[in-house]
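# Chain and residue survey
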Amino acid sequence: MTTITINRKPVEVQSEPDTPLLWVLRGELQMTGTKFGCGIAQCGACTVHVDGEPTRACVTPISAVGNREVTTIEGLSGPQVAVLKAAWAEVDVVQCGYCQSGQLMAAAALLKQNPKPTDADIDAAMAGNICRCGTYPRIRAAIHQAAAIEQAAAIHHILPPG
Ligand code: FES
Ligand code: FES
């Protein structure tokens, strides 16, 4: 038995310590928002956060998680994430949707580390997340839109009306 913290709650799992986190999430815990794509860290569909860092759950054994916090798409939340999700919907990013939970996890981590990313920053941060539907231009637009809304909110906060 291994205890891991998932979406701010300690969870006891029965899987062997060398079992990939993705298998535990989807198989044992029935948390199917995190997707299986390639299984070899090449597509990003399985991206979760481990202590805020985008991490490929398909190649991360649960023994390697230790006391660090796992966040999945089911637990991705907060004001900045709400802005990001709204931008995603407004830009109408999603096509088939299969890659999108991984894309959102990567984008949320990027904006946390870099609130005003350039195109090059976005391309670098998102390069490991493959979208077979080719939604890349809309992903980039949604990240820029979320960043702009956050910037405007920050300026408004510093300089209140009047
Ligand atoms: S399923 Fe993990 S990177 Fe593709
Ligand atoms: S939206 Fe279809 S694979 Fe990305």
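Residues numbered from 1 in each chain as written. Chains lettered and ligands numbered in written order. Predicted model: local features only at pLDDT ≥ 70, side-chain atom pairs only at ≥ 80, totals over all residues. Heavy atoms only, no water.

The next thing to look at is the sheet that holds strand β3 (residues 47-50). Spatial ordering of the open sheet is given by β2-β1-β5-β3-β4, a layout of 5 strands whose pairing is mixed. Of all the strands in the sheet, the pair left with one neighbour each is β2 (9-13) and β4 (53-56). Between one strand axis and the next, the sheet turns through 40° on average, direction left out of account. When strand β1 (residues 2-6) meets strand β5 (residues 69-71), the two strands line up parallel, connected through 2 bridges. Directly across from Ile6, in β5, lies its bridge partner Val70. Along the sheet, helix α1 (residues 21-28) contacts β1, β2, β3 and β5; its crossing angle with β2, the most-contacted strand, is approximately 90°. In the packing of helix α3 (residues 100-113) onto the sheet, the strands contacted are β3, β4 and β5, and the crossing angle to β3 comes to about 40°. (Pairing = 2+ DSSP bridges. Helix = DSSP H or I, 4+ residues; strand = E, 2+ residues; numbered from the N terminus. Axes fitted to C-alpha atoms, helices over the stretch in contact; angles between N-to-C directions. Contact = heavy atoms within 4.5 Å.)

Right, let's get into the pairing of β4. Across 4 bridges, the pairing between β3 and β4 is antiparallel. The partner of Val48 across the bridge, within β4, is Thr55.

Attention now goes to the layout of surface pockets. As a volume, the largest pocket reaches approximately 340 Å³. Forming the walls of the largest pocket are 18 residues, and the residues nearest its centre are His49, Leu76, Ser77, Val81 and Lys112. Elements supplying a minimum of two residues to the lining of the largest pocket: β5, α2 (79-91) and α3. Taken together, the residues that form the lining of the largest pocket break down as 7 nonpolar, 7 polar and 4 charged. Shared between two domains, the lining of the largest pocket takes at least three residues from each, and those domains are domain 1 (2-71) and domain 2 (79-155). In this structure, the second largest pocket occupies an estimated 190 Å³ of space. Taken together, Gly37, Cys38, Cys43, Ala45, Cys96, Tyr98, Cys99, Ile130, Cys131, Arg132 and Cys133 make up the lining of the second largest pocket. (1 Å grid on protein atoms, 1.4 Å probe; cavity = no way out; pocket = protein on both sides within 12 Å on 5 of 7 lines; lining within 4 Å. Points joined across faces, edges and corners; volume = space filled by probe spheres on them. Nonpolar A, V, L, I, M, F, W, Y, C, P; charged D, E, K, R; others polar. Domains from an automatic or database assignment.)

In this section: unusual backbone geometry. Residue Arg8 is not a glycine yet carries a positive backbone phi of 75°. Position of Arg8 among the secondary structure elements: in the loop between β1 and β2. For Arg8, a relative accessible area of 54% gives the class exposed. In the Ramachandran plot, Gln30 falls in the positive-phi region, its phi being about 60° despite a non-glycine side chain. Its place among the elements puts Gln30 in the loop between α1 and β3. (Buried < 20%, exposed > 50% of the residue type's maximum accessible area, 1.4 Å probe, protein only.)

It is worth spelling out a nonpolar patch on the surface at this point. The grouping of Trp23, Phe36 and Tyr98 at the surface amounts to a nonpolar patch, some 320 Å² of accessible area in total. Tracing the sequence through the fold places Tyr98 in the loop between α2 and α3. (Patch = residues over 30% accessible without salt bridge, like charges linked within 9 Å, V, L, I, M, F, W, Y side chains within 5 Å. Areas by Shrake-Rupley, 256 points an atom, 1.4 Å probe, with all protein chains shown as cover. Salt bridge = Lys/Arg side-chain N within 4 Å of Asp/Glu carboxyl O.)

With that settled, the discussion passes to the packing of aromatic side chains. Counting across every chain of the model gives 1 aromatic pair. Where Trp23 meets Phe36, the ring centres are 5.5 Å apart and the plane angle is 75°; that geometry is what we call edge-to-face. Here Trp23, found in helix α1, pairs with Phe36, found in the loop between α1 and β3; they are 13 residues apart in sequence, far enough to count as distant. Judged by its relative accessible area of 38%, Phe36 is partly exposed. (Phe/Tyr/Trp six-rings, centres within 6.5 Å; stacked < 30°, edge-to-face > 60°.)

A few words now on the packing of α2 against α3. Running from amino to carboxyl end, α2 crosses α3 at an angle of 130°, the nearest separation of the two axes being 10 Å. When the axes of α2 and α3 are compared, the pair comes out oblique. Once α2 is placed against α3, the crossing between them reads as right-handed. From α2, Gln80, Val81, Leu84 and Trp88 reach across to α3, where they touch Gln100, Gln103, Leu104, Ala107, Ala108, Leu111 and Lys112. (Parallel < 35°, antiparallel > 145°, perpendicular 65-115°, else oblique. Left-handed = near helix turned anticlockwise from the far one by under 90°.)

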